[in-house]
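The primary structure of each chain is shown beneath.
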Amino acid sequence: PPPAARYPIVLRLAALAPLEGHGLWAALVAQADAATVRRGLSRYRPGQPIVAGADTVGEPLTIASDGTLPYGLDSAPLGDDGEPVRRFTVIARGKAVELASDLREAALAETQPNGGFRNLVVEPGASPAAALITSDEGPVLDVASFAWIDVDPATGRFAAGIELAHLREGDRAVPVTGAVVRGDSIAALASARRAAEVTTRGGYRGPVALRLAPLPVT
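Bear in mind the structure is a predicted one, so any value in this text is a computation, not a measurement.

### Describing the environment of Q112
Here Q112 is to be found in the loop between helix 4 (103-109) and strand 5 (119-122). Taking the C-alpha atoms as reference points, Q112 and P84, 28 residues apart in sequence, are found 9.6 Å from one another. The contacts of Q112, once residues within four sequence positions are left out, are R86 and A106.

### With respect to the side chain of S42
Turning to its location among the elements, S42 is positioned in the loop between helix 3 (34-38) and strand 2 (63-66). When residues no more than four places from it in sequence are discounted, the contact partners of S42 are Q31, T36 and V37.

### Some remarks on the sheet that holds strand 12 (residues 204-207)
Pairing in this open sheet of 6 strands is mixed, and the strands run 4-3-2-5-12-11 from one edge to the other. Two strands bound the open sheet, and with one partner strand each, they are strand 4 (95-96) and strand 11 (198-201). One ladder, built from 4 bridges, connects strand 11 with strand 12; its direction is antiparallel. Note on strand 12: the bridge partner recorded for R201 is Y204.

### Quick look at the pattern of salt bridges
One pass over the structure, following the stated rule, counts 7 salt bridges. In this structure, D142 engages R168 in a salt bridge whose closest nitrogen and oxygen atoms are separated by 2.8 Å. Here D142, found in strand 6 (residues 140-151), pairs with R168, found in strand 7 (residues 157-169); they are 26 residues apart in sequence, far enough to count as distant. You can call R168 partly exposed: its relative accessible area is 24%. Among the charged side chains, a salt-bridge network with shared partners connects R12, D142 and R168.

### Brief notes about the pairing of strand 12
Pairing analysis gives 2 bridges linking strand 5 to strand 12, with the strands arranged parallel. The residue bridging V121 from the neighbouring strand is R205, located in strand 12. Joining the antiparallel neighbours strand 11 and strand 12 is a turn of 2 residues, in which G202 adopts a positive phi near 60°.

### Things to note about the pairing of strand 7
Alignment of strand 6 against strand 7, held across 10 bridges, turns out to be antiparallel. Of the residues in strand 7, the one forming a bridge with F146 is I162. Counting the residues between successive antiparallel strands, the hairpin from strand 6 to strand 7 contains 5 residues, one of them, G156, with a positive phi of roughly 85°. Taken together, the 5 bridges between strand 7 and strand 9 (residues 180-184) define a ladder with antiparallel strand orientation. Counted as the bridge partner of R157 is D184 from strand 9.

### Some remarks on the environment of G67
Structurally, the position occupied by G67 is in the loop between strand 2 and strand 3 (88-92). On the accessibility criterion, G67 (2% relative accessible area) is buried. Linking G67 and R168, residues 101 residues apart in sequence, is a C-alpha distance of 37 Å. In this structure, G67 is in contact with D74, S75, A76, V85, R86, R118 and N119, ignoring residues within four places of it in sequence.

### Here's the deal with the layout of surface pockets
Quantified by volume, the largest pocket comes out at close to 160 Å³. A34, V37, R38, E98, L99, S101, E105, L108, A109, T111, Q112 and N114 are the residues that line the largest pocket.

### Some words on the nonpolar core
I9, L11, W25, L28, I50, L141 and L212 are the most contacted members of the largest nonpolar core, which totals 48 residues. With 5 residues, the single largest contributor to this core is strand 7. If sequence neighbours within four positions are ignored, L11 has contacts with L16, L24, V143, F146, V208, A209, L210 and L212. Of all hydrophobic cores here, the second largest spans 6 residues; its members include V10, A129, L132 and A209.

### Let's talk about the side chain of T62
Take T62: it is sitting in the loop between helix 3 and strand 2. Classification of T62 by relative accessible area gives buried; the value is 16%. Here the side chain of T62 touches R93 through a polar contact of 2.9 Å, landing on its backbone nitrogen. Every residue in contact with T62, bar those within four places of it in the chain, is listed here: I91, A92, R93, V121, V122 and E123.

Basis of the calculations
- Every chain is numbered on its own, with residues counted from 1 as its sequence reads.
- With the structure being a predicted model, the display of local features is reserved for residues of pLDDT at least 70 and the display and counting of side-chain atom pairs for 80 or more, all residues being used for whole-chain, interface and lining totals.
- Note that water and hydrogens are dropped before the side-chain values are worked out from all heavy atoms of the structure.
- Only runs of H or I of at least four residues qualify as helices and only runs of E of at least two qualify as strands under DSSP, and these elements are numbered from the N terminus.
- Pairs of residues are marked as contacts when any of their non-hydrogen atoms sit within 4.5 Å.
- Strands are treated as partners if at least two bridges between them are detected by DSSP.
- For this document, the term salt bridge refers to a Lys or Arg side-chain nitrogen within 4 Å of an Asp or Glu carboxyl oxygen.
- Remark: exposure states derive from per-residue accessible area (1.4 Å probe, protein chains only) relative to the maximum for the residue type, with buried under 20%, exposed over 50%, and partly exposed in between.
- Cavity means a closed set of points on a 1 Å grid over the protein atoms alone, one where a 1.4 Å probe fits but cannot get out, pocket means an open set with protein on both sides within 12 Å along at least 5 of 7 lines, and lining means a residue has an atom within 4 Å of a point.
- Grid points are joined across faces, edges and corners, and a volume is the space filled by probe spheres set on the points.
- Take the buried Ala, Val, Leu, Ile, Met, Phe, Trp, Tyr and Cys residues and link them wherever side-chain atoms come within 4.5 Å; each set so joined is a nonpolar core.
- Between N or O atoms, a polar contact is any pair within 3.5 Å; within protein, one atom must be a potential hydrogen donor and the other a potential acceptor, and residues adjacent in sequence are included only when both atoms are from side chains.

Remember, this is a structural readout, not a statement about activity or role.
Structural data, given as structure tokens:
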């Protein structure tokens, strides 16, 4: 395992987009549920930043739900109650936009249903993936895969066990495993730098890597 410290974290595709569940994105998916927002249990509201300052960072986050994505694991023509599934923007430049609504929640809010949250589509950033692992301020933890990840959907707090990563500093890359990364997933994703290259994996379409601000690793 790497020495316990705070490191900038680069997430590669397997860590960023697990084939089961939404991984680190799970809290954002849960917070966008219309029933959760209606009950006052969500951290954000439509039209407001998902966390303080999320709309003023260098690359504000934009994500969408797309149940029409070709070959997407969560693609479907109809939702569980027969409502049509459509693409909708969940977060636009750091601000919450539309909520995931079934027929009941859409009727209560007097809006159109959208089939709930489906495949995750993330807008790319401006940096090549290779540029995300460089640093003049110390080592970077470059995570290839997590052995497990636990995200609290209510608070966004997460812990993830590293299956394989490299601790990079200059031209040196040391393979590491077994440490645990912790933090606030919503705040971390809101301020992350995203790679310009885009790919599709399971129910995810978006950048091949992203870089999180320093998080504690133990």
